Amino acid sequence: MPPSPPRLTTDDHDRASAGLTWVYPVVSRRAGGVSVGINLNPNRACNWRCIYCQVPGLVRGTAPPVDVEGLEQELRGFLTDVVHGDFLVRAVPPGARVLRDVAFSGDGEPTTCRNFDRVVEKVGRVLADFDLVGQVALVLITNGSLVHRPEVLRGLDQMGRLGGEVWFKLDGGSEAERASTAPG
Ligand code: SF4
């Protein structure tokens with residue numbers, strides 16, 4: 001029997017809570033349930049250094065290339081425990097025992113990963129195998145500074161086909177300026 005993970009709370013966003021390299025669960029107030037985070041920056045590197053950043057030990061830099069098969073293995077194993085196992089009962093408080101989203105969000109900027117497109121493709125395939133496409137949200141939380149890169153554009157294209165959402169971090173600009181750049 002695998003060791004019981006600690007019971008999750010909305011205050012605990014420890015990336016190591018599941019003992020995995022890239023995949024970590026959080027109970028998210030934002031999502032109203034469990035969010036499965038995918039941390040492409042286990043080296044805690046970001047191309048920005050915001051003064052309010054809460055990543056402990058943040059360094060300037062980029063994500064290392066991700067071992068896509070390794071990440072796939074972690075995600076499959078973890079989703080098996082969530083979808084077919086008793087993870088929700090074991091580790092999640094009552095009232096939050098629902099899988100809400102899979103989010104690229106970790107200890108740095110996810111789009112600095114040079115094989116970002118391959119990662120998104122693989123995650124999409126895993127979600128499809130669990131019949132989760134369209135059932136849970138697929139979210140990218142990004143500072144938006146690298147959307148011009150070809151691998152990022154390809155990844156965003158894949159996310160669009162999976163019904164994904166991109167949440168850009170906006171630090172400045174007036175209400176009117178933000179509205180003028182909004183689509184539609
Ligand atoms: S973009 Fe996000 S991860 Fe990067 S420094 Fe700013 S707050 Fe931290």
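Predicted model only: the values in this text are computed from it and were never measured.

Look at helix 4 (residues 150-161): 17 Å from first C-alpha to last across 12 residues, which is about the 16 Å you get at 1.5 Å a residue. Of the positions making up helix 4, those classed as buried are Val152, Gly155, Gln158 and Met159. Around the axis of helix 4, the buried residues are gathered within 120° of arc, so they sit on the same side. Residues of helix 4 that are exposed and point over 90 degrees away from its buried face: Pro150, Asp157, Gly160 and Arg161. Against helix 3 (116-129), strand 6 (137-142) and strand 7 (165-168) lie the buried residues of helix 4.

Right, let's get into the sheet that holds strand 7. Spatially, the five strands line up as an open sheet ordered 1-2-5-6-7, and their pairing is mixed. Unpaired on one side and paired on the other, strand 1 (23-28) and strand 7 mark the two borders of the sheet. With direction set aside, neighbouring strand axes in the sheet form an average angle of 30°. One ladder, built from five bridges, connects strand 2 (residues 33-38) with strand 5 (residues 99-104); its direction is parallel. Pairing of Val36 across the sheet is with Val102, part of strand 5.

The next subject is the pairing of strand 2. Burial within strand 2 is extensive, with five of its six residues counted as buried. Alignment of strand 1 against strand 2, held across six bridges, turns out to be antiparallel. Paired with Val27 across the two strands is Val34, which belongs to strand 2. Between the antiparallel neighbours strand 1 and strand 2 lie four residues, among them Gly32 with a positive phi of about 70°.

On to the pairing of strand 7, then. On any regular strand, side chains alternate: one points to one face of the sheet, the next to the other face. In terms of strand pairing, strand 6 meets strand 7 through four bridges, oriented parallel. Following the sheet pairing, Ile141 is matched in strand 7 by Trp167. In terms of handedness, the path from strand 6 via helix 4 over to strand 7 forms a crossover that is right-handed.

Parameters and conventions
Residues numbered from 1 in each chain as written. Predicted model: local features only at pLDDT ≥ 70, side-chain atom pairs only at ≥ 80, totals over all residues. Helix = DSSP H or I, 4+ residues; strand = E, 2+ residues; numbered from the N terminus. Expected span 1.5 Å × (residues − 1). Buried ≥ 20, exposed ≤ 12 C-beta atoms within 10 Å, placed from the backbone. Arc of directions from axis to C-beta. Contact = placed C-beta atoms within 7 Å. Pairing = 2+ DSSP bridges. Axes fitted to C-alpha atoms, helices over the stretch in contact; angles between N-to-C directions. Right-handed = clockwise from strand over helix to strand, strands pointing away.

Read these as spatial facts, not as claims about activity.
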